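Residues per chain are reported as follows:
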Amino acid sequence: MKQNTARLGLLSLALGLTACTTTFQETKIDYKSAGKNQAPSLEVPPDLTQLSQDSRYIVPGGVVSAAAMQANAKAAKPTDNNTASNKIGDVRIERDGAEHWLVVDRSADKLWEPARDFWLENGFIYAMEDRQLGILETDWAENRAKLPQDVIRKTLGKVFDSLYSTSERDKFRTRLEREPDGKTRIYVTHRGMQEVYTSERKDNTIWQPRARDPELETEFLRRLMVKLGVSEEQASAVARADKAAAVTSSGARMETVNGVPVLQLNEGFERAWRRVGVALDRTGFTVEDRDRSRGIYYVRYVDPNAKVESKGFFSKIFSQGKEAAAPVKYQILVRGEGDKSQVSVLNEQGQPDSTANGQRIVRVITDDLK
């Protein structure tokens with residue numbers, strides 16, 4: 001009896017210490033332990049609700065400072081009036097406002113295997129990989145570095161480690177876009193989900209989208225630079241570089257032209273094409289093909305209002321517990337004229353789409369580019 005009492009006393013003491021010693025490793029990344037027990041993949045339709053703004057996810061854009069680099073590193077010339085870049089070897093990072101990507105002086109075919117191995121080495125498994133399109137998309141994963149580092153967990157070690165779980169999941173899409181001059185642009189975009197209670201009783205939860213984390217995108221771009229041959233010191237210098245340049249507003253706004261919803265942008269075709277592609281990645285559209293010469297992205301879209309059978313609150317994201325509605329094919333047309341561009345949605349036959357779905361697609365792209 002006394003022995004049991006002693007054990008209970010020790011447990012109470014450990015629980016008491018937990019409240020004082022719990023810390024979250026917000027700045028660290030550890031998806032490796034999560035990758036071993038991933039749930040089956042499920043394609044989640046793009047969420048069509050603008051996520052609330054949170055200053056924690058805002059990264060001011062600007063020039064990547066050459067002063068932050070080593071003395072012998074020379075800055076590359078900007079590719080356009082809004083873009084700044086720095087080059088190390090055959091890899092350079094470019095930034096336009098809060099968006100950033102890599103440009104590598106190698107073909108996409110030579111970069112495919114290193115990029116594919118990169119995510120596997122970081123603990124992810126793939127939900128989609130298409131070499132022809134240059135798309136690698138991870139499955140949903142948990143950042144185990146965000147788990148509380150309390151006394152009980154440190155004491156019990158890995159025995160009960162599987163009992164701990166965060167309320168967040170992340171997935172990343174890497175897109176390798178071939179340039180006409182043989183170079184390759186690499187984009188990394190993040191999508192996040194968060195488990196929240198549906199009532200004050202806290203007896204049920206649902207998973208809903210959370211704001212993207214540009215700091216995570218930047219960190220994985222930095223790590224990818226290292227994978228491609230840049231030293232840790234140089235890659236870290238780029239990640240810490242100055243971001244003081246002003247961000248040029250795109251003036252993204254939704255209008256109706258000839259009865260069809262369109263997105264108007266105060267920027268030329270090259271910038272609009274790039275940013276629309278990133279928006280499609282970030283909002284979860286499946287891009288089946290793209291034709292830059294015609295300014296068309298070919299996408300698949302799932303109507304969020306389609307009725308499907310659900311088998312549990314986890315099934316929406318982390319299992320195949322329901323049959324997804326059949327996707328519909330659309331074309332996203334980017335048309336530039338001088339320093340302005342217009343984005344519209346066409347149906348599979350290439351005709352302007354004025355349906356509710358067409359309006360939703362324009363709205364979600366507009367919201368992401370604002």
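Treat the numbers as computed from the prediction; the structure is a model and nothing was measured.

Caption draft 1: Spatial organisation of the overall build of the chain. What the chain contains, in helices and strands, is 9 helices and 14 strands. Out of the 370 residues belonging to the chain, those deemed buried represent 47%. In the chain, of all internal contacts separated by at least 6 residues, the share reaching a separation of at least 24 is 62%.

Caption draft 2: View of helix H5 (residues 214-227). Along its 14 residues, H5 runs 20 Å from first to last C-alpha, staying within 8% of the 20 Å computed at 1.5 Å per residue. Most of H5 sits inside the fold, with 10 of its 14 residues counted as buried. Taken together, the buried positions of H5 are Pro-214, Leu-216, Glu-217, Thr-218, Glu-219, Phe-220, Leu-221, Arg-222, Leu-224 and Met-225. Capping of H5 at its N-terminal end is provided by Asp-213; its side-chain oxygen lies 3.0 Å from the backbone amide nitrogen of Glu-215.

Caption draft 3: Structural context of the sheet that holds strand E13 (residues 328-337). Read across the sheet, 6 strands follow the order E9-E10-E14-E13-E12-E11 without closing on themselves; strand pairing throughout is antiparallel. Two strands lie at the open edges of the sheet, namely strand E9 (253-257) and strand E11 (286-291), each paired on one side alone. Direction aside, the axes of adjacent strands within the sheet are offset by 30° on average. Here helix H7 (residues 269-282) sits on the sheet in contact with strand E10 (260-265), E11, strand E12 (296-301), E13 and strand E14 (340-347), set at roughly 155° to E13. Of the strands in this sheet, E9, E10, E12, E13 and E14 are in contact with helix H9 (residues 356-369), which crosses E10 at around 15°.

Caption draft 4: Region of interest: the pairing of strand E6 (residues 168-178). Within E6, 10 of the 11 residues are buried, which leaves it mostly tucked inside the rest of the structure. Of the strand pairs in this sheet, strand E5 (residues 135-138) and E6 are connected by 3 bridges, and their pairing is antiparallel. Residue pairing in the sheet places Glu-137 in a bridge with Arg-173 of E6. Relative to strand E7 (residues 184-197), E6 runs antiparallel, the two being bridged by 11 bridges. Within E7, the position partnered with Leu-176 by the bridge is Ile-186. Between E6 and E7, which pair antiparallel in sequence order, lie 5 residues; one of them, Gly-182, sits at a positive phi of approximately 90°.

Caption draft 5: Examining the packing of H7 against H9 more closely. In the contact formed by H7 and H9, the axes pass within 10 Å of each other and the chain directions differ by 105°. On the basis of the axis angle, H7 is roughly perpendicular to H9. Residues Arg-275, Val-276, Ala-279, Leu-280 and Arg-282 of H7 form the contact with H9, whose own contacting residues are Ile-365, Asp-368 and Leu-369. Considered class by class, the residues forming the contact of H7 with H9 number 5 nonpolar, no polar and 3 charged.

Caption draft 6: Fine view of the nonpolar core. In terms of nonpolar packing, the biggest core is built from 29 residues, with Tyr-31, Leu-102, Trp-119, Phe-172, Ile-186, Phe-220 and Met-225 touching the most fellow members. Taken together, the elements giving at least two residues each to this core come down to strand E2 (91-96), strand E3 (99-104), helix H3 (108-121), E6, E7, H5 and helix H6 (232-239). Other than its neighbours up to four places away in sequence, Tyr-31 contacts Asn-122, Gly-123, Phe-124, Ala-141, Glu-142, Asn-143, Asp-170, Phe-172, Leu-216 and Phe-220.

Caption draft 7: Examining the packing of aromatic side chains more closely. The full count for this structure, using the stated rule, is 16 aromatic pairs. Taking 4.6 Å as the distance between ring centres and 35° as the angle between the ring planes, the aromatic pair formed by Tyr-31 and Phe-124 counts as tilted. Of this pair, Tyr-31 sits in the loop between helix H1 (2-21) and helix H2 (32-35) while Phe-124 sits in the loop between H3 and strand E4 (126-130), and the two are 93 residues apart along the sequence. Here Tyr-31 falls in the buried class, since its relative accessible area comes to 1%. Given the relative accessible area of 3%, Phe-124 is considered buried. Ring centres of Tyr-31 and Phe-220 lie 6.1 Å apart, and the angle between their planes is 45°; on these two criteria the pair is classed as tilted. Of the two residues, Tyr-31 sits in the loop between H1 and H2 while Phe-220 sits in helix H5, which places them 189 residues apart along the sequence. Taken individually, Tyr-31 and Phe-220 each receive the classification buried, so the pair is uniform in this respect.

Caption draft 8: Fine view of H3. With 14 residues, H3 extends 20 Å from end C-alpha to end C-alpha; this agrees with the ideal 20 Å at 1.5 Å per step. Every buried residue of H3 is accounted for by Ala-108, Leu-111, Trp-112, Ala-115, Phe-118 and Trp-119. End-on, the buried residues of H3 take up no more than an arc of 140°, which puts them together on one face. Gly-123, located one to two residues past H3, shows a positive phi value of around 95°.

Caption draft 9: Looking closely at the side chain of Thr-174. Note that Thr-174 resides in strand E6. For Thr-174, a relative accessible area of 0% gives the class buried. There is a polar contact of 2.7 Å between the side chain of Thr-174 and the side chain of Trp-119. When near neighbours in sequence (up to four residues on either side) are disregarded, Thr-174 contacts Trp-119, Gly-134, Ile-135, Leu-136, Ile-186, Tyr-187 and Val-188.

Caption draft 10: Focus on the packing of H3 against H5. At a minimum axis separation of 10 Å, H3 and H5 run at an interaxial angle of 120°. The orientation of H3 relative to H5 falls into the category oblique. Of the two elements, H3 crosses H5, and the hand of that crossing is right-handed. In contact with Pro-114, Ala-115, Asp-117, Phe-118, Trp-119 and Glu-121 of H3, H5 contributes Phe-220, Arg-223, Leu-224 and Lys-227. Taken together, the residues of the contact of H3 with H5 sort by class into 6 nonpolar, no polar and 4 charged.

The rules we used
- Residues numbered from 1 in each chain as written.
- Predicted model: local features only at pLDDT ≥ 70, side-chain atom pairs only at ≥ 80, totals over all residues.
- Heavy atoms only, no water.
- Helix = DSSP H or I, 4+ residues; strand = E, 2+ residues; numbered from the N terminus.
- Buried < 20%, exposed > 50% of the residue type's maximum accessible area, 1.4 Å probe, protein only.
- Contact = heavy atoms within 4.5 Å.
- Expected span 1.5 Å × (residues − 1).
- Polar contact = N/O pair within 3.5 Å; in protein donor to acceptor, adjacent residues only side chain to side chain.
- Pairing = 2+ DSSP bridges.
- Axes fitted to C-alpha atoms, helices over the stretch in contact; angles between N-to-C directions.
- Parallel < 35°, antiparallel > 145°, perpendicular 65-115°, else oblique.
- Nonpolar A, V, L, I, M, F, W, Y, C, P; charged D, E, K, R; others polar.
- Core = buried A, V, L, I, M, F, W, Y, C linked by side-chain atoms within 4.5 Å.
- Phe/Tyr/Trp six-rings, centres within 6.5 Å; stacked < 30°, edge-to-face > 60°.
- Arc of directions from axis to C-beta.
- Left-handed = near helix turned anticlockwise from the far one by under 90°.

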